[in-house]
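A look at the structure
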Amino acid sequence: MKWLPPYRVKLELHGEELGDFIKKSAYDLLISERFAEAFRAEGLTGLEGFHPVEVVRVRRMKKGSRKPLTVPRYSVVSTCFGPAAVDPVLNRMRISEPPTCPECRLTSVNAIHGFVLEPGTWRGEDIFRPRGLVGDLVVSERFKDFVERHALTNMVLTPTEQYVWDPSHLGPVPLPMM
């Protein structure tokens, strides 16, 4: 279901400070005001919305941690669905059955041991959800540099060819023979 206003959140603090980036769901992200301002100032693409969020509570999850001195202002944003698509031949994903829809390319993914985008499908968005992996976020090199330059927190960026998600320990699929 789509999250509609009023945008109110209860946050959990697992460390010492709240981060600049919080993944609320597969579709909604919370970003700090400094993240939002820098994103707009640098002309990056792929996020839409930028609606203010009211933080109604911060719950400390780690005993002994102190409350943050200030709670950043957050905005809720959504990532775009662009035309970029996971390559059906060169990906390293274990799937139960092939996709039935050529547009969304949704399928049952059992494991991922790296993936690549199909050549010619990416239009240069800086952050997006690719067709075939709509629950995962992919970012451009420009976005990676942006995160490092601004020292944005609460993000782990992994190159797509090194990305591993294998909850059942199925192991990587063999590379296709060319």
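Positions within a chain are numbered from 1, following the residues in the order the chain's sequence is written. Local features in this predicted model are restricted to residues whose pLDDT is 70 or higher, and side-chain atom pairs enter the listing and the counts only when it is 80 or higher, whereas totals over whole chains, interfaces and linings include all residues. To get the side-chain values, take all heavy atoms of the structure and skip hydrogens and water.

Let us look at the pattern of salt bridges. Salt bridges, as used here, are contacts in which a Lys or Arg side-chain nitrogen is within 4 Å of a carboxyl oxygen on Asp or Glu. In total, this model carries nine salt bridges according to the counting rule given. A salt bridge links E54 to R8; its shortest N-O distance comes to 3.1 Å. Of the two residues, E54 is situated in strand β4 (residues 47-60) and R8 in strand β1 (residues 8-13); the sequence distance between them amounts to 46 residues. Classification of residues uses two cut-offs on accessible area relative to the type maximum, computed with a 1.4 Å probe and protein chains only: under 20% is buried, over 50% is exposed, and between them is partly exposed. Using a relative accessible area of 43% as the deciding quantity, one classes E54 as partly exposed. Linking E125 and R123 is a salt bridge whose minimum nitrogen-to-oxygen distance equals 3.6 Å. Strands are runs of DSSP state E lasting at least two residues, helices are runs of H or I lasting at least four, and both sets are numbered from the N terminus onward.

With that settled, the discussion passes to the sheet that holds strand β7 (residues 109-113). Ordered in space as β6-β7-β10, the three strands form an open sheet in which the pairing is antiparallel. Edge positions in the sheet fall to β6 (93-95) and β10 (164-165), since each of these pairs with one other strand and no more. Pairing of β7 with β10, which is carried by two bridges, proceeds in the antiparallel orientation. Its bridge partner lying in β10, I112 is registered against W165. A strand pair is defined by DSSP finding two or more bridges across the two strands.

On to the nonpolar core. By convention a nonpolar core is built from buried Ala, Val, Leu, Ile, Met, Phe, Trp, Tyr and Cys residues, the set being connected through side-chain atoms within 4.5 Å. Ranked by size, the top nonpolar core spans 17 residues in total, and within it I31, F35, F39, L47, F143 and F146 carry the most contacts. Of all the secondary structure elements, the ones that give two or more residues to this core are β3 (28-32), α1 (33-41), β4 and α2 (141-150). Considering every element that reaches this core, the biggest residue donor is α1, with four residues. The criterion used for residue contact is that any of the two residues' heavy atoms lie within 4.5 Å. Excluding residues within four positions of it along the chain, F146 makes contact with F35, A38, F39, E42, L44 and L152. Judged by nonpolar contacts, the second largest core, of eleven residues, contains W3, L18, I22 and V53.

It is worth spelling out α2 at this point. Every buried residue of α2 is accounted for by F143, F146 and V147. One side of α2 holds all its buried residues, which, seen down the axis, span an arc of 95 degrees. Facing away from the buried side of α2, by more than 90 degrees, are the exposed residues E141, E148 and R149. Packed against the buried residues of α2 are α1, β8 (127-131) and β9 (138-139). Two residues or fewer after α2 comes A151, characterised by a positive phi angle close to 50 degrees. Of all possible arcs, the one meant is that of the directions from the helix axis to the C-beta atoms.

It is worth spelling out the packing of aromatic side chains at this point. Ring geometry is summarised as follows: Phe, Tyr and Trp rings, the Trp one being its six-membered ring, pair when their centres sit within 6.5 Å, and such pairs are stacked at plane angles under 30 degrees, edge-to-face over 60 and tilted between the two. Taken as a whole, this structure holds nine aromatic pairs when the rule is applied. Grouping aromatic residues by their ring pairs yields a cluster made of F35, F39, F50, F143 and F146. Remark: a charge is flagged as sitting over a ring if the NZ atom of Lys or the CZ atom of Arg is within 6 Å of the ring centre and within 35 degrees of the ring normal. Lying across the ring of F50, R40 places its NZ or CZ 4.2 Å from the centre. The positively charged end of R129 is found above the aromatic ring belonging to F81, 3.8 Å away from the centroid.

Structural measurements only, silent on function.
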